[in-house]
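Each chain, written out:
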Amino acid sequence: QKMNRLLFIPLLVLVLIITPGISQATEDEPRVALILSFGGLGDEAFNDSAFRGYEMAKEDFQLTLEYVEPGDVEEFEEHQRFFAEAGYDLVITIGFFQEATLEEVAPEYPDVHFAIIDGIVDQPNVTSIIFREQEGSFLVGVLAGMMTETSRVGFVGGVEIPLLQKFELGFIEGVKHANPDAEIFVNYAGDFVDPGRGKEIAVSKFERGIDIIFHAAGGTGLGVIEASEEYCFFSIGVDSDQDHLAPGKVLTSMVKRVDVAVYETIGKLIEGNLEPGIISLGLAENGVGTTDFNYTRDIIPEDVFTAIEEARTKIIQGEITIEVPDF
């Protein structure tokens, strides 16, 4: 149900009072809003990466920046309409859960430019930024395939949707590329904000001889990493650099440069060249990749690094392709 525009006057006052990320705008400065995915800050992954881009822009550009942390998916429309009604120049929405709402909201505010990370909204005032997660996941699959001592590795996803299947299938392809005899065991937690469930799944996998687990599960995946430290097996992080969460036990993280995407989108607005359409970021664009292995470089043999770099080159050159569902 659409919110009556008259409601936004009192709502504006209320949000300015109670929301820490909202401040009074300075006249003549571009105004940009960041609407995080549900779960908010502190996930050490997707939302935190987006917020780093926000903070980088805050340091480098002269503009007014605001952010909100929706409590659940029901709040996305309210926040999108609030910032559009308030006349913000750019509203950046984080996460595929905001896609359906933005499809409805964006056409109603043609003078506001929107951007969405991890979704595609085909509207003339929307920039859609997606990642080829399967490419980075292939690299960490090569790592897992070569590092496993049991030839049994695992994947833990948040919710089973095409976006997360890109992580899963890329990982499987990478493992099989490096170790054709390896078995890959896949589970979805059904949640992005349940570390306890993530830990429970990880421990169950470990007890079945799985010695490396890659998670793509947001806050739920923090439980996977906790389990890897407690039970002494290897994990692989996601989205942000999570290696420091269990030094020496997180082999690497499959990093998505959401921070760079947010920062560069804001930069394009400032420069006056932000265009609608789809931007796809993979290995060639440095949109995905591994960390610098700061805690595990002495653990991982040199031939594994060589294999990862060879796979990276072949993917960029098109010699290796990974089939994934339509986004």
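For every chain, the first residue of its written sequence is number 1, and the numbers climb from 1 along that sequence. Residues qualify for local features only when their pLDDT is at least 70, as the model is predicted, and side-chain atom pairs are given and counted only at 80 or more; totals for whole chains, interfaces and linings, by contrast, use all residues. As a rule here, side-chain values come from all non-hydrogen atoms in the structure, and water together with hydrogens is ignored.

**Q** What exactly am I supposed to notice about the overall build of the protein here?
**A** Regarding its fold elements, the protein presents ten helices and twelve strands. With respect to the three principal axes, the spread of C-alpha positions in the protein is 65 × 40 × 35 Å. Contact definition: two residues touch when any of their heavy atoms are within 4.5 Å. Pairs at least 24 residues apart make up 69% of the contacts formed inside the protein by residues separated by at least 6 positions. Looking at the protein as shown, the accessible area adds up to about 14,000 Å², and 48% of this sits on carbon and sulfur atoms. Under the convention used here, Asp and Glu are negative, Lys and Arg are positive, and both His and the chain ends fall outside the count. The atom standing in for a charge is NZ when the residue is Lys, CZ when it is Arg, CG when it is Asp and CD when it is Glu. Looking at charge distribution, the protein has the averaged site of its 21 positive side-chain charges lying 4 Å from that of its 58 negative ones. Per the convention used, a helix needs a DSSP run of H or I reaching at least four residues, while a strand needs a run of E reaching at least two, with both numbered from the N terminus. Areas reported here follow the Shrake-Rupley algorithm with a probe of radius 1.4 Å; residue values treat only the protein chains shown as occluding.

**Q** What is the right way to look at the sheet that holds strand 3 (residues 90-94) in this model?
**A** In short, DSSP must find at least two bridges between two strands for them to pair. An order of 2-1-3-4-5-11 is seen for the six strands of this open sheet, with the pairing classed as parallel. Single-partner strands in this sheet number two, and they are strand 2 (64-68) and strand 11 (277-281). Strand-to-strand twist of the sheet, defined as the mean angle between neighbouring strand axes without regard to direction, takes the value 15°. One ladder, built from four bridges, connects strand 4 (residues 113-117) with strand 5 (residues 126-131); its direction is parallel. Considered in strand 5, the bridge of alanine 115 is made with threonine 127. Here the axes come from fitting lines to C-alpha atoms, over the contacting stretch only for helices, and the angles between their N-to-C directions go from 0 to 180 degrees. Running over the sheet, helix 3 (residues 76-85) touches strand 1 (31-35), strand 2, strand 3 and strand 4 and is turned about 180° from strand 1.

**Q** Would you mind going over the packing of aromatic side chains with me for this structure?
**A** For any pair of aromatic rings, geometry is given as the distance between the ring centres together with the angle between the planes. Only Phe, Tyr and Trp rings take part, Trp by its six-membered ring, and two of them pair if their centres are within 6.5 Å. Stacked means planes under 30 degrees apart, edge-to-face means over 60, and tilted covers everything else. Under the criterion given, the structure shown has 17 aromatic pairs. For the ring pair phenylalanine 96 and phenylalanine 192, a centre distance of 6.4 Å and an interplane angle of 65° mean the geometry is edge-to-face. One end of the pair, phenylalanine 96, is in the loop between strand 3 and helix 4 (99-105); the other, phenylalanine 192, is in the loop between strand 7 (183-188) and helix 7 (195-207), and 96 residues separate them in sequence. Judged by centre distance (5.1 Å) and plane angle (50°), the rings of phenylalanine 171 and phenylalanine 214 are tilted. On the criterion of sequence distance, the pair formed by phenylalanine 171 in helix 6 (residues 162-178) and phenylalanine 214 in strand 8 (residues 212-216) is long-range, its members being 43 residues apart. Just as phenylalanine 171 is buried, phenylalanine 214 falls in that class too. Type-normalised accessible area, obtained with a 1.4 Å probe on protein chains alone, sets the label of each residue: buried when under 20%, exposed when over 50%, and partly exposed for intermediate values.

**Q** How should I be thinking about the sheet that holds strand 6 (residues 152-157) in this particular structure?
**A** Backbone-to-backbone hydrogen bonds pair the strands of a sheet. The strands run either parallel or antiparallel. Across the sheet, six strands lie side by side as 7-6-8-9-10-12; this open sheet has mixed pairing. For this open sheet the edge positions go to strand 7 and strand 12 (288-289), each flanked by a neighbour on one side alone. Helix 6 contacts strand 6, strand 7, strand 8, strand 9 (234-239) and strand 10 (250-256) of the sheet and is inclined by roughly 170° relative to strand 7.

**Q** Looking at this model, I keep getting lost on helix 7. Mind explaining?
**A** Taking 1.5 Å per residue, 13 residues should reach 18 Å; helix 7 reaches 18 Å between its end C-alpha atoms and fits that length. Where the residues of helix 7 are buried, they touch strand 6, strand 7, strand 8 and helix 8 (221-231). The span you would expect from a helix comes to 1.5 Å times its residue count less one.

**Q** Whenever I open this one, the side chain of asparagine 47 confuses me. Can you help?
**A** Inspection of the secondary structure puts asparagine 47 in helix 2 (residues 46-60). Overall, the relative accessible area of 3% leaves asparagine 47 in the buried class. Engagement of the side chain of asparagine 47 in a polar contact is seen with the backbone oxygen of glycine 40, the distance being 3.1 Å. With near-sequence residues (within four places) excluded, asparagine 47 lies in contact with Leu36, Ser37, Phe38, Gly39, Gly40, Leu41 and Ile94. A 3.5 Å cut-off defines polar contacts: any pair of N or O atoms within that distance qualifies, except that in protein one atom must be a possible hydrogen donor and the other a possible acceptor, and neighbouring residues in sequence count only when both atoms are side-chain atoms.

**Q** For this particular structure, what's the right way to read the environment of glutamine 80?
**A** Mapped onto the fold, glutamine 80 is located in helix 3. Classification of glutamine 80 as buried rests on a relative accessible area of 0%. In contact with glutamine 80, other than residues within four places in its own chain, are Ile35, Thr93, Gln98, Thr101, Leu102, Val105 and Phe114.

**Q** What should I look at first to understand helix 3 in this one?
**A** Turn by turn, an α-helix covers 3.6 residues, leaving residues three or four places apart pointing in a common direction. Judged by how many residues are buried, helix 3 sits mostly within the fold: eight of ten residues are covered. By the burial criterion, the buried members of helix 3 are Phe76, Glu77, His79, Gln80, Arg81, Phe82, Phe83 and Ala84. The positive-phi residue at the C-terminal boundary of helix 3 is glycine 87, with phi of around 80°.

**Q** Is there a simple way to explain the environment of threonine 127 in this structure?
**A** Among the structural elements, threonine 127 can be located in strand 5. According to the relative accessible area criterion, threonine 127 is buried, its value standing at 1%. With 35 residues separating them along the chain, threonine 127 and isoleucine 92 place their C-alpha atoms 9.1 Å apart. In contact with threonine 127, other than residues within four places in its own chain, are His113, Phe114, Ala115, Ile116, Leu274, Glu275, Pro276, Gly277 and Ile279.

**Q** Help me understand the packing of helix 2 against helix 9 (residues 258-271) in this model?
**A** A pair of packed helices can be characterised by two numbers: the angle between their axes and the separation between those axes. One way to put it is that helix 2 packs onto helix 9 with a least axis distance of 7 Å and a crossing angle of 35°. Crossing angle aside, the handedness with which helix 2 passes helix 9 is right-handed. Between helix 2, through Phe46, Ser49, Ala50, Arg52, Gly53, Tyr54, Met56, Ala57 and Asp60, and helix 9, the contact on the second element is made entirely by Val258, Asp259, Val262, Tyr263 and Ile266. Throughout, the ten residues Ala, Val, Leu, Ile, Met, Phe, Trp, Tyr, Cys and Pro are labelled nonpolar, Asp, Glu, Lys and Arg are labelled charged, and all others, Gly among them, are labelled polar. Here the contact of helix 2 with helix 9 is built from residues that sort into nine nonpolar, two polar and three charged. Less than a right angle of anticlockwise turn of the near helix away from the far helix marks a crossing as left-handed, whereas a clockwise turn marks it as right-handed.

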